[in-house]
Amino acid sequence: MRRSFTVALERYGYRVEAAADGLTGLESFRDNAFDLLILDVMLPGLDGIGLCRRVRESSLVPVLMMSARGDGLDIVAGLEAGADDYVVKPVDTNVLVARIRSLLRRATYAPAPAAGRAAGDGPGTAPSEGELLAFGDLTIHTGGLEVAVAGSPVALTPTELKLLLEFAAHPGVVLERHTLLRNVWDYGWDGDSRVVDLCVQRLRGKLGRDRIETVRGFGYKLRR
């Protein structure tokens, strides 16, 4: 499977370095600058979830988790460890490439003016470039993509940052999970809402638990 995915992704123009186990992958990660990591949960030695945790100790590189099970246990554990998205094996190469492209777009995200935008409009938009937004002790500089709480910088993954910008574009407005899946994760189909829930959970851990409010049965909103 590792060889077949390597060949397939190289045909799409990606440069790929593969590792047969988690410890080798960790060494490779430390020795090279990667744009994106694909981690199989069932890696021998150091599994994909443990590897993701080690990566997140020093890097915000986009991480796509690959699981052989769809029962949710591995999926939740991977997302809690810091993964940005996941796919369940067996996975079609076109789906894998679509997820990769989406993650890479988030990693090179640049905000666009939000003039005339209504809640739930298309992805890739945010408050006006260069704007400084404040929500209590939370500040967001949309041009520099810098976030701080009580004046202290907060490091966010590309997915966490884009999710926060989506909330900041609609302060006080309830955003449904399917809207966030479309606008942040670029899902053109119904996706797994656990991705949203666990990313919100990670954001709360970094920004404060009361900053993003749950509206039961609907979604989430950023408190003004």
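Our structure is the block above this text.
As a starting point, this report considers the structure included with it. Note that the coordinates shown come from a computational prediction; the quantities given were computed from them, not determined experimentally.

### Some words on the packing of helix H5 (residues 93-107) against helix H6 (residues 158-168)
Relative orientation and spacing of two packed helices are given, respectively, by the angle between their axes and the distance between those axes. Here H5 crosses H6 at 70°, and the two axes come no closer than 8 Å. The orientation of H5 with respect to H6, classified from their angle, is roughly perpendicular. Contacts from Leu103, Arg106 and Ala107 in H5 reach Pro158, Thr159 and Lys162 in H6.

### Side note on the sheet that holds strand E6 (residues 146-149)
Working definition: the strands of a sheet are paired by backbone hydrogen bonds and lie parallel or antiparallel to each other. Spatially, four strands are ordered E4-E5-E6-E7 in an open sheet, and the strand pairing comes out antiparallel. For this open sheet the edge positions go to strand E4 (132-135) and strand E7 (152-153), each flanked by a neighbour on one side alone. As judged from the four bridges shared by E4 and strand E5 (residues 138-141), these two strands associate in the antiparallel manner. Pairing of Ala134 across the sheet is with Thr139, part of E5. On the sheet, H6 packs against E4, E5 and E6 and is oriented at approximately 100° with respect to E5.

### Considerations on the environment of His178
Relative to the elements of secondary structure, His178 occurs in helix H7 (residues 177-183). Here His178 falls in the partly exposed class, since its relative accessible area comes to 42%. His178 sits 14 residues away from Asp192 along the chain, and the two C-alpha atoms are 8.9 Å apart. Side chain to side chain, His178 and Glu176 meet in a polar contact 2.4 Å long.

### Details of H6
The element H6 is extensively covered by neighbouring structure, given that 11 of its 11 residues are classed as buried. Every buried residue of H6 is listed here: Pro158, Thr159, Glu160, Leu161, Lys162, Leu163, Leu164, Leu165, Glu166, Phe167 and Ala168.

### Observations concerning helix H3 (residues 48-56)
Along an α-helix, residues three or four positions apart point the same way, because every turn accommodates 3.6 residues. Taking burial as the measure, the nine residues of H3 include seven buried ones, the bulk of the element. Here H3 has its buried residues at Gly48, Ile49, Gly50, Leu51, Cys52, Val55 and Arg56. Residues of H3 that are buried make contact with helix H2 (22-31), strand E1 (37-40), strand E2 (63-67) and helix H4 (73-80). With a side-chain oxygen positioned 3.2 Å from the backbone nitrogen of Ile49, the residue opening H3 is Asp47.

The rules we used
- Residues numbered from 1 in each chain as written.
- Predicted model: local features only at pLDDT ≥ 70, side-chain atom pairs only at ≥ 80, totals over all residues.
- Heavy atoms only, no water.
- Axes fitted to C-alpha atoms, helices over the stretch in contact; angles between N-to-C directions.
- Helix = DSSP H or I, 4+ residues; strand = E, 2+ residues; numbered from the N terminus.
- Parallel < 35°, antiparallel > 145°, perpendicular 65-115°, else oblique.
- Contact = heavy atoms within 4.5 Å.
- Pairing = 2+ DSSP bridges.
- Buried < 20%, exposed > 50% of the residue type's maximum accessible area, 1.4 Å probe, protein only.
- Polar contact = N/O pair within 3.5 Å; in protein donor to acceptor, adjacent residues only side chain to side chain.

Keep in mind that these numbers describe shape and distance, not what the molecule does.
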